[in-house]
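# Tertiary structure, described
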Amino acid sequence: MIEGLSIPIPQRLLFIRVTVCVSLIISVLLSLHLWAGERLFPYANVFETAVIKAPYDYFFIFIFIFFIIASLFLKRHRLFIFLALLIGAGLVLIDMNRLQPWFYIYSAFLFVLMFYNGRIDDANKFTSFFIVLQLIFCSIYIFNGLSQLNSFFTETDFPELISPLQNMMSERQFLFIKKIGVFIPYMLILIGVCLLIRPIRYLAITFAVIFHVLLIIFLFPSARNQNYAIWFCNITFIPLLFLLFSGKTKQRYYSPTLLLQFPLFYLIFGLFWVMPWFNQKDLWPDHLSANFKSGNMKAVEIRFTKIVLDKLPAYVQHFSTQKDSFFVLDYNGWCRDELSANCFREPIVFNNIYQYIQAQTGATVNDLQMELKPKQKLLFKP
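Residues numbered from 1 in each chain as written. Predicted model: local features only at pLDDT ≥ 70, side-chain atom pairs only at ≥ 80, totals over all residues. Heavy atoms only, no water.

Another aspect to go through is the packing of helix H4 (residues 77–94) against helix H5 (residues 101–113). The geometry of H4 relative to H5 is characterised by a closest axis approach of 10 Å and an angle of 150° between their N-to-C directions. With respect to each other, H4 and H5 are oriented roughly antiparallel. Here H4 and H5 pass one another in a crossing that is left-handed. Note on element contacts: H5 touches H4 through Phe103, Ser107, Leu110, Phe111 and Leu113, opposite Arg78, Ile81, Leu85, Gly88 and Val92. Considered class by class, the residues forming the contact of H4 with H5 number seven nonpolar, two polar and one charged. (Axes fitted to C-alpha atoms, helices over the stretch in contact; angles between N-to-C directions. Helix = DSSP H or I, 4+ residues; strand = E, 2+ residues; numbered from the N terminus. Parallel < 35°, antiparallel > 145°, perpendicular 65-115°, else oblique. Left-handed = near helix turned anticlockwise from the far one by under 90°. Contact = heavy atoms within 4.5 Å. Nonpolar A, V, L, I, M, F, W, Y, C, P; charged D, E, K, R; others polar.)

Written as structure tokens, this is what we have:
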């Protein structure tokens, strides 16, 4: 019989907190241009006046990292986590592109752990916190799988992910591997469900580790894979998998009904198990569903004439390709290249990009257009 890790839950919660804090710091540093410094990619700020530009933004990201580090070494770690999350929320309101899936997940973990006082004499309390973290983690696999049940993922995202294999095998072999992409969403859903079922949990852990190792290989930082924080997130998920699900993860006399007396359970259940269903109907942001490679179909086409193109900075022109008599802006490529992050695909971002081009060039409606792209065919309909 596979025993797994023999670590008590209070100690696991400590290791999880350390893992998440370290991962959050590294991920922010890997995408530093997203958080501080000079940039051309426009801010998607919720409030028009709330923009802190370089070099002053370095101060806030320094304080954010300082509070995270302080929470690891000083006694009042819950206060420092609260202050760090407060600053993090402010930075996101300044630019919604900072609401990356990894930032949302790490912040959710720290938010839950902020309420745990570290006491080991109340098994019901610390087990409830632990189960809430498990629910967050399982929902990531399940809703990533559901969001990938669309033709865009199988025809575009997955082939792009495995494209390095194209030079290593024949066309027939590559097409066979490409067809496997149809099963990836179902595998993710299965992993998430099986992690909740104790007798077969070890199988889910095995498949999840294999999945993340493959992503670590395929998403290895390069000129093609510029979202370094997403790559590193797969490294973080492996120790979290074992800390959350390997070995004895439940007290002998603990009853799941105690969760119903735990207020935090309802908040997390709503955010990670209820609201993501509305993502399929565009009523809930994709990144708040913790979707990494979801084939999000929410997109616009921003196109402009040659007159507008010539007035844009040379760097932005690099991400423009000609289509008929217009030039189309690849804002996703621009965001990945400059900020090392995926573009937050919501109207607030699209509108700010449009307004940036208009302000830079003084373009008229005839020279600058933004049009909603048609949605891809869904394979899954809730």
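Spatially, the four strands line up as an open sheet ordered E2-E3-E1-E4, and their pairing is antiparallel. The open sheet has two edge strands with one neighbour each: strand E2 (320–323) and strand E4 (368–372). Within the sheet, the average angular offset between the axes of one strand and its neighbour, ignoring direction, is 35°. Note: strand E1 (residues 300–304) against E4, five bridges, orientation antiparallel. (Pairing = 2+ DSSP bridges.)

Okay, the pattern of salt bridges next. Tallied over the entire structure, the rule returns five salt bridges. Notably, a salt bridge pairs Asp95 with Arg39, separated by 2.9 Å at the nearest N-O pair. Of this pair, Asp95 sits in the loop between H4 and H5 while Arg39 is found in the loop between helix H2 (32–35) and helix H3 (57–73), placing the two residues 56 residues apart along the sequence. The exposure class assigned to Asp95 is buried, which follows from its relative accessible area of 0%. Residues joined by salt bridges that share partners form a network here, namely Glu301, Arg303, Lys323 and Glu371. (Salt bridge = Lys/Arg side-chain N within 4 Å of Asp/Glu carboxyl O. Buried < 20%, exposed > 50% of the residue type's maximum accessible area, 1.4 Å probe, protein only.)

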